[in-house]
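These are the residues of each chain, in order.
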Amino acid sequence: MKNNTSTFTNPLKSIAKLATIASILAASFNVFAEPTEIKFSHVVAENTPKGQMALKFKELIEQRLPGEYVVNVFPNSQLFGDNNELAALLLNDVQFVAPSLSKFERYTKKLQIFDLPFLFEDMAAVDRFQQSESGQKLLNSMNRKGIVGLGYLHNGMKQFSANDPLTLPKDAKGKKFRIMASDVIAAQFDAVGAIPVKKPFSEVFTLLQTRAIDGQENTWSNTYSMKFYEVQSHITESNHGVLDYMVVTSNTFWKGLPADKRAVFKASLDEAIALGNKIAAEKDNEDKQAILDSKRSELVTLTPAARQQWVNAMKPVWAKFEDQIGKDMIDAAQAANTK
């Protein structure tokens, strides 16, 4: 009888060969496939805490997921300004942004807590609140709007600057101050008879230089990196509020990542944020000193009595927004002032 073994083995060998070829082609495809582009857009300079955080995130992702992802960072509003970066995120035109906490007002009223004047005594109190159960809960406050909060990034406490010394609340009366699009900050300046003007961050220097506005509020880091001190003769060390950011992505992008990749992204971002917060703490004093050394701006130091006048004038703003933010949340923030 004729042996038909070859009749059965040859097709099996062919299938095995085809499988091997397919594997080689797949491997070749992976080698030559273009990495997925991740866009990280922000509005400040690269030498700021936010700028350095974004660059560290890029470095870590490209090290840990080589050939799979490339992170392109766009600083200084190169891609989107602070008034439209969140809309761009939801359209997936960018995958990561880190707006100031004020910018989330249209998506949640809860984050208005960070704009309340004289709520936090210092950055240590801010950090304690953000890492508390209440603070972490706020990261998820925009999930229904399609925005995923991934972490808080520090910049520092805010100071007032103007073309005239601001020593007492009455000194701000009638003056125009650039503000972010925040109802709380608008109310803060209304409380001292000033005129709040909502303008993009990228326009502030020109507005100050041309005297279209009289002053602004910002951290030492932003005031130095954006050269606001060159066109403002006085800076009042008020520490009246906090300017922090939230690093966010879209729900669609985040859930679209494979679980193992998502874990790498989150770990890398946590590490980058930790670096950014370390830089923020260091730059706060360094940039303040650099501004003073330039002798372009004069420092106005408030006496305890003068500062209390500012507190008394602005603290009623809290009551106006208590229903939107939640009294329990404000109480939790105040509790963070106790070490």
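It should be emphasised that the depicted structure is a prediction, and the values quoted were computed from it without experimental measurement.

(A) A look at empty space enclosed by the protein. This structure, assessed with the given rule, holds two cavities of 30 Å³ or more. Of the pockets and cavities examined, the largest cavity occupies roughly 160 Å³. Lining the largest cavity are 18 residues, with S100, R178, M180, F201 and L243 sitting closest to its centre. Mapped by element, the contributors of at least two residues to the lining of the largest cavity are β5 (176-179), β7 (215-218) and β8 (234-250). Volume-wise, the second largest cavity comes out at about 30 Å³. Taken together, S100, L101, S102, F114, D115, M180, V242, L243 and D244 form the lining of the second largest cavity. By residue class, the composition of the lining of the second largest cavity is five nonpolar, two polar and two charged.

(B) Main features of the packing of helix α12 (residues 317-325) against helix α13 (residues 327-335). The contact between α12 and α13 brings their axes to 7 Å, and the two run at 115°. If you check the angle between α12 and α13, you find them roughly perpendicular. When α12 is examined against α13, the residues W318, E322 and I325 are found in contact with a partner set consisting of K327, M329, I330 and Q334. Classifying every residue of the contact of α12 with α13 gives four nonpolar, one polar and two charged.

(C) Spotlight on the confidence of the model for the chain. Chain-level pLDDT for the chain is 91 on average; 91% of the residues reach the 70-or-more range. With pLDDT under 50 throughout, residues 25-30 is counted as low confidence; its partners more than four residues away or in other chains account for zero contacts.

(D) Focus on the pattern of salt bridges. Evaluation of the coordinates by the stated rule reveals 15 salt bridges. In this structure, E59 engages K56 in a salt bridge whose closest nitrogen and oxygen atoms are separated by 3.3 Å. Within this pair, E59 and its partner K56 are both found in helix α2 (residues 49-64), separated by three residues, close to a single helical turn. Counted as one network, the salt bridges with shared partners bring together D82, K103 and R178.

(E) Structural view of helix α11 (residues 304-314). By the burial criterion, the buried members of α11 are A306, W310, V311 and M314. Projected down its long axis, α11 carries its buried residues within an arc of 145°, all on one side. Away from its buried face by more than 90 degrees, α11 exposes P304 and A305. For α11, the elements touching its buried residues are β4 (147-162), α6 (183-190) and α12.

(F) Quick peek at the side chain of E105. Mapping E105 onto the fold places it in the loop between β3 (96-97) and α4 (123-131). There is no salt bridge for the buried E105, and the closest opposite charge comes from K109, which lies 4.4 Å off by N-O distance. Among the polar contacts listed, one links the side chain of E105 to the backbone nitrogen of D183, at a separation of 2.8 Å. Look past the residues within four positions of E105 in its chain and what remains in contact with it is Q112, A181, S182, D183 and V184.

(G) Structural view of the environment of T36. Checked against the element boundaries, T36 lands in strand β1 (residues 36-41). For T36, a relative accessible area of 42% corresponds to the partly exposed category. Sequence separation between T36 and V71 is 35 residues, and the spatial gap between their C-alpha atoms is 8.5 Å. In this structure T36 touches E68, Y69 and V70, once residues within four positions along its chain are discounted.

(H) Molecular detail of the nonpolar core. Counting residues in hydrophobic clusters, the biggest one holds 54 residues, and the most contacted among them are F40, M53, F57, F96, F265 and W310. With near-sequence residues (within four places) excluded, F265 lies in contact with I38, F57, I61, L65, Y69, F96, F253, W254 and L257. F104, A125, L138 and V317 belong to the second-largest nonpolar core, a separate cluster that totals 37 residues.

(I) Inspection of the pairing of β1 at higher detail. Relative to strand β2 (residues 69-74), β1 is paired through six bridges, and the arrangement is parallel. Across the sheet, the residue bridging to I38 is V71, located in β2. Remark: the β1/α2/β2 crossover connection has right-handed handedness. Both β1 and β3 contribute to a ladder of two bridges, which runs parallel. By the bridge assignment, S41 is partnered in β3 with V97.

(J) How the structure looks around the packing of aromatic side chains. According to the stated counting rule, one finds 17 aromatic pairs in the structure shown. Aromatic side chains F40 and F57 sit 6.0 Å apart centroid to centroid with 70° between the ring planes, which places their arrangement in the edge-to-face category. Taken together, the positions of F40 in strand β1 and F57 in helix α2 put the pair 17 residues apart, joining distant regions of the chain. Across this residue pair, the class does not change: F40 and F57 are buried. Taking 5.9 Å as the distance between ring centres and 70° as the angle between the ring planes, the aromatic pair formed by F160 and F189 counts as edge-to-face. Of this pair, F160 sits in strand β4 while F189 sits in helix α6, and the two are 29 residues apart along the sequence. Summarising the burial analysis for this pair, F160 and F189 share the class buried. Ring pairing ties together the aromatic residues F40, F57, Y69, F96, F253 and F265, which thus form one cluster. When the ring centre of Y245 is taken as origin, the NZ or CZ atom of K50, which lies over that ring, is 3.7 Å away.

Cut-offs and rules
- Residues numbered from 1 in each chain as written.
- Predicted model: local features only at pLDDT ≥ 70, side-chain atom pairs only at ≥ 80, totals over all residues.
- Heavy atoms only, no water.
- 1 Å grid on protein atoms, 1.4 Å probe; cavity = no way out; pocket = protein on both sides within 12 Å on 5 of 7 lines; lining within 4 Å.
- Points joined across faces, edges and corners; volume = space filled by probe spheres on them.
- Helix = DSSP H or I, 4+ residues; strand = E, 2+ residues; numbered from the N terminus.
- Nonpolar A, V, L, I, M, F, W, Y, C, P; charged D, E, K, R; others polar.
- Axes fitted to C-alpha atoms, helices over the stretch in contact; angles between N-to-C directions.
- Parallel < 35°, antiparallel > 145°, perpendicular 65-115°, else oblique.
- Contact = heavy atoms within 4.5 Å.
- pLDDT = per-residue confidence, 0-100.
- Salt bridge = Lys/Arg side-chain N within 4 Å of Asp/Glu carboxyl O.
- Buried < 20%, exposed > 50% of the residue type's maximum accessible area, 1.4 Å probe, protein only.
- Arc of directions from axis to C-beta.
- Lys, Arg positive; Asp, Glu negative; His and termini not counted.
- Polar contact = N/O pair within 3.5 Å; in protein donor to acceptor, adjacent residues only side chain to side chain.
- Core = buried A, V, L, I, M, F, W, Y, C linked by side-chain atoms within 4.5 Å.
- Pairing = 2+ DSSP bridges.
- Right-handed = clockwise from strand over helix to strand, strands pointing away.
- Phe/Tyr/Trp six-rings, centres within 6.5 Å; stacked < 30°, edge-to-face > 60°.
- Lys NZ or Arg CZ within 6 Å of the ring centre and 35° of its normal.

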